[in-house]
Amino acid sequence: MTDLMITTYLVVGGTFALYFYIALKTRAKNTGEFYVAGKGVHPVLNGMATGADWMSAASFISMAGMLAMGGYDASAYLMGWTGGYCLLAMLLAPYLRKYGKFTVPEFIGDRFYSQTARLVAVICLIIASLTYVIGQMKGIGVAFSRFMEIPFETGLLIGMGIVFVYAVLGGMKGVTYTQIAQYVVLIFAYTVPAVFISLQLTGNPIPQLGLGSTMSSGEGMYLLEKLDKIVVDLGFSAYTAQKGSTLNIFLLTMSLMIGTAGLPHVITRFFTVPKVKDARSSAGWALVFIAILYTTAPSVGAMARLNLINTVQTGEIGSAEGNLAIEERPQWMLNWEKTGLLGFEDKNGDGKIQYYSDNGLSEAQANLAAAQKAGGDVTAAQAKVDAAETKHAESKFAGFGWKGNEMTKVDNDIMVLANPEIAKLPNWVIALVAAGGIAAALSTAAGLLLAISSAISHDLLKSMITKNIDDKTELLAGRIAMAGAIIVAGYLGLNPPGFAAQVVALAFGLAASSIFPALMMGIFVKRMNSAGAICGMLAGLVSTITYIFWFKGFMFIATTAMAPDTAASWWLGISPGSFGAVGALINFAVAFAVSSITKAPPEHIQHLVEDIRVPMGAGAAQSH
Amino acid sequence: MNNAQKYWQANIRLVIGCLIVWFFVSFGCGILFVKQLNAISLGGYPLGFWFAQQGSIYTFVALIFIYAWRMNQLDRKFNVEEA
């Protein structure tokens, strides 16, 4: 075993020991503690737990890579995944906390005096949370296999075991305090390498400022100016410039914001604080802790992109000695080639690597190779390659003797995972990144599993199927549901149904188009009745799922797609991932239309709405 | 209008004010007017790009705390605080 492996085992093992210790200390003794931690969590600590709950494997591992490759256009994710907290703090959290029950479907069912509404909410919650949790399970397996050289399957099983122990035992109480520890681990793991890299490139230790500083290499150029120049010289569009359509970026940002505010596992976190005013400030604290990572990510992304280009493009573009020779590849490239996340191909046979934008040539070549292998339409693929080659022959790169982009594979995830190695940071930093990635995935998985299990034991069992169970039995049912959810999620993580990468769009689409509007109207529109809310939720849900499946295929089976998933065929250029905001609009419109022609809600419901609007009188957790 | 209705109206006014700022920094400065703002620079950042990747997030954080602080004032003013 190498020194690095030993350090990694020690650091990751240490964090696991900590999580177990916390779980033992904070076991849930009744349903109140299991569902909402007895409503006794300090708002700042709840903010920290929310941060860990929210920041998933995608935030920790993938986001910086999306920024590195997408540049400005990926800003939609930054604004979307943070701006949703404003909506949560001002439109939902305090009122739902005032209502004082255990789950999101419970509020919807009570407010719209309808078990049907509650059932629709339960279905949305389970689909959204389960699809989301598969990604976390995969993230845990990936982190184990890359850093500890444990097979993916074993890694995933270990992850399942750990979540099982502390989530089943501790419920919301155990999960909350473990998430606080996980937040500390993940934020250190994210910011420490960023500080080092920012120092190396700009001499400024604060990454948020480093991104706006001049390069320390002495040319006096700003980092972003330098990055813009070099990517444009290599044929890409400028890093800070907009590439996609404004409408699509606008709607994607809006969908992510509304979706964030409507995700049940996040909302439930605000049920755990003692008072209404704590719910307001706790959302602010949550965003502070999230913003630390989200404002660092743009620096990590931009700097990693620059480092990657500088590694490959060692000298002047087009000069004979300007590119990295294959046999002189640095150690980190060799390491990551083994994982399949990084790959190159010497297309022009000059013994050097060229990384540039060839205007779709290498993509066409890859499609042709895939068509030849899978027996697809080879003639059409060949025609596209020919067209791309003709176009490439006219570019300046052809004059250098380049024959297409040779970095055939640069996975987004590499920007964070390989970052410490690229910057030649010490072993303990690399070990910390491994522990951080696992913490991010575990904490989000636990939050989601909790949301699923409470929907099953509290909303389905207790309120619809076996109404007379006592608190003890319900607690046991909650634990069994949690164990079941872990097994299902683990199974889907091991046998990913092909669509694992796409499901985030579905989870946010569902939350944005069904859950958020129903909650908001439940609080702000006293006249909204059950018929309106149910029709609205169904309309939002069906329209969004139909739009996603139309382009992605039914259940994400690509061959059943009704139209190609390209900007040209999207309706008004709206991508499936951006449709949640449109679905939400449809939900609102249908709900208002239907409720205006049906009977107003009964008197006691109108009183309920008036009651949740004022903080006074919120008690401890109410049972019923 | 009774006390609870007045409290609710003041609350709605505050939320609308906060959401106007919320929309302005993100959808306005970060998306709709990003090209125009990019002509101005903030250190090494084009201003529109800065709003999209940094500024809007800082503003969101500030907004929630301002909202929480003003709401606590309203709770006291209208005497609807929790015991």
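This structure is a prediction, so every number in the text was calculated from the model and none was measured.

Enquirer: Sorry, what's going on with the overall build of chain B here?
Expert: The helix and strand inventory of chain B stands at three helices and two strands. For chain B, the sequential pattern of α-helices and β-strands runs α-α-β-β-α. In terms of overall size, chain B is more extended than a compact globule, its C-alpha atoms giving a radius of gyration of 17 Å where 83 residues would be expected to give roughly 12 Å. Along the three orthogonal principal directions, the C-alpha set of chain B runs to about 50 × 25 × 15 Å. Expressed as a percentage of the 83 residues in chain B, the buried residues total 41%.

Enquirer: Would you mind showing me how to read the overall build of chain A here?
Expert: A tally of helices and strands in chain A yields 25 helices and four strands. Dimensions along the principal axes, computed over C-alpha positions, put chain A at roughly 80 × 55 × 50 Å. Here chain A holds 624 residues, and the buried ones make up 56% of them. A separation threshold of at least 6 residues defines the contact pool for chain A, and within that pool the share at least 24 residues apart is 82%.

Enquirer: Teacher, can you tell me more about helix α24 (residues 580-596) of chain A here?
Expert: The α-helix advances 3.6 residues per turn, and as a result positions three or four apart in sequence lie on the same side. Here α24(A) contains 17 residues, and its C-alpha end-to-end distance of 24 Å stays within 8% of the 24 Å for a straight helix at 1.5 Å per residue. Within α24(A), the full set of buried residues consists of G580(A), A581(A), V582(A), G583(A), A584(A), I586(A), N587(A), F588(A), V590(A), A591(A) and S595(A).

Enquirer: Can you help me understand the interface of chain B and chain A in this one?
Expert: Many analyses report the size of an interface as the accessible area lost when the parts associate. Taken together, the contact pairs 38 residues of chain B with 43 residues of chain A. Sorting the residues of the side of chain B that touches chain A by element identifies α1 (3-32), β2 (45-46) and α3 (47-77) of chain B as the ones contributing at least two each. Top contributing element to the side of chain B that touches chain A by residue count: α3(B), with 16 residues. Looking at the side of chain B that touches chain A residue by residue, the classes come out as 26 nonpolar, nine polar and three charged.

Enquirer: It is not clear to me how the packing of helix α4 (residues 57-70) of chain A against helix α20 (residues 427-465) of chain A should be interpreted in this structure. Could you clarify?
Expert: The angle between the axes and the distance between the axes are what describe a pair of packed helices. Residue and element names in this part refer to chain A. In the contact formed by α4 and α20, the axes pass within 7 Å of each other and the chain directions differ by 130°. In terms of orientation, α4 lies oblique with respect to α20. Only G436, G437, A440 and A441 of α20 make contact with α4, whose side of the interface consists of A57, S59, F60 and I61. Among the residues making up the contact of α4 with α20, the classes are represented as five nonpolar, three polar and no charged.

Enquirer: Looking at this structure, how should I read the domain arrangement of chain A?
Expert: Residue and element names in this part refer to chain A. Domain parsing of chain A yields domain 1 (32-307 + 422-612) and domain 2 (308-411). For domain 1 and domain 2, the distance between their C-alpha centres works out to 35 Å. Across the contact, 11 residues belong to domain 1 and 11 residues belong to domain 2. For the side of domain 1 that touches domain 2, the secondary structure elements donating two or more residues are α10 (223-233) and α13 (276-312). Per-element accounting of the side of domain 1 that touches domain 2 gives the leading share, four residues, to α13.

Enquirer: Hey, could you run me through unusual backbone geometry in this one?
Expert: The bulk of non-glycine residues show a negative phi, and the bulk of peptide bonds are trans. Of note, the phi angle at Y113(A) is positive, near 35°, even though the residue is not glycine. What makes Y113(A) partly exposed here is the crowd of 16 C-beta atoms within 10 Å.

Enquirer: Even after reading the chapter, I still don't get the confidence of the model for chain B, so can you show me in this structure?
Expert: Interpreting fine coordinate detail is not advised for predicted regions of low pLDDT. Across chain B, pLDDT averages 94, with 100% of residues at or above 70. Across the whole predicted complex the pTM is 0.91, and at the interface the ipTM reaches 0.96.

Enquirer: Could you clarify how one ought to interpret the environment of K462(A) in this entry?
Expert: Residues and elements named next belong to chain A. Here K462 shows up in helix α20. Through-space distance from the C-alpha of K462 to that of E474 is 7.1 Å; in sequence the pair is 12 residues apart. Not counting residues up to four positions away in its chain, the partners in contact with K462 are S457, K467, I469 and E474.

Enquirer: Would you explain the packing of helix α1 (residues 3-25) of chain A against α20(A) in this entry?
Expert: All names here are of chain A. Relative orientation of the contacting elements α1 and α20 amounts to 40°, with a least axis distance of 8 Å. Considered as vectors, α1 and α20 are oriented oblique to each other. Along this stretch, α1 crosses α20, giving a crossing that reads as right-handed. Residues D3, L4, T7, T8, V11, V12 and T15 of α1 lie in contact with α20, whose contacting residues are N427, W428, I430, A431, L432, A434, A435, I438 and A439. In terms of residue class, the contact of α1 with α20 is made up of 11 nonpolar, four polar and one charged.

Enquirer: I tried to follow the nonpolar core on my own but got confused; where do I start?
Expert: The nonpolar side chains of a soluble globular protein tend to be buried with one another. A121(A), V163(A), L186(A), A283(A), A435(A), L449(A) and I64(B) are the most contacted members of the largest nonpolar core, which has 218 residues in total. There are two domains that each give this core at least three residues, and those are domain 1 (32-307 + 422-612) and domain 2 (308-411) of chain A. When residues no more than four places from it in sequence are discounted, the contact partners of L186(A) are A52(A), M55(A), F60(A), G436(A), A439(A) and A440(A). Listed in part, the five residues of the second largest apolar core include L361(A), A364(A), L368(A) and A388(A).

Enquirer: How should I be thinking about the environment of V165(A) in this particular structure?
Expert: Following the sequence through the fold, V165(A) ends up in helix α8 (residues 152-202). As for V165(A) and T295(A), which are separated by 130 residues in sequence, their C-alpha atoms are 33 Å apart.

Enquirer: What should I look at first to understand the confidence of the model for chain A in this one?
Expert: Residues and elements named next belong to chain A. Looking at chain A as a whole, the pLDDT averages 86, with 96% of positions reaching at least 70. Mean pLDDT across the elements of chain A ranges from a minimum in helix α2 (residues 31-36), with 81, to a maximum in α24, with 95. With pLDDT under 50 throughout, residues 620-624 is counted as low confidence; its partners more than four residues away or in other chains account for eight contacts.

Enquirer: What should I look at first to understand α1(B) in this one?
Expert: Given a rise of 1.5 Å per residue, 30 residues ought to cover 44 Å, and the 40 Å separating the end C-alpha atoms of α1(B) matches this to within 8%. Regarding α1(B), the residues found buried are Y7(B), N11(B), V15(B), W22(B), V25(B), S26(B), C29(B), G30(B) and I31(B). Packed against the buried residues of α1(B) are α5 (75-99) and α11 (246-262) of chain A together with α2 (34-37) and α3 of chain B.

Analysis parameters
Residues numbered from 1 in each chain as written. Chains lettered and ligands numbered in written order. Predicted model: local features only at pLDDT ≥ 70, side-chain atom pairs only at ≥ 80, totals over all residues. Helix = DSSP H or I, 4+ residues; strand = E, 2+ residues; numbered from the N terminus. Rg over C-alpha atoms; globule rule 2.2 N^0.38 Å. Buried ≥ 20, exposed ≤ 12 C-beta atoms within 10 Å, placed from the backbone. Contact = placed C-beta atoms within 7 Å. Expected span 1.5 Å × (residues − 1). Nonpolar A, V, L, I, M, F, W, Y, C, P; charged D, E, K, R; others polar. Axes fitted to C-alpha atoms, helices over the stretch in contact; angles between N-to-C directions. Parallel < 35°, antiparallel > 145°, perpendicular 65-115°, else oblique. Domains from an automatic or database assignment. pLDDT = per-residue confidence, 0-100. Left-handed = near helix turned anticlockwise from the far one by under 90°. Core = buried A, V, L, I, M, F, W, Y, C linked by C-beta atoms within 7 Å.

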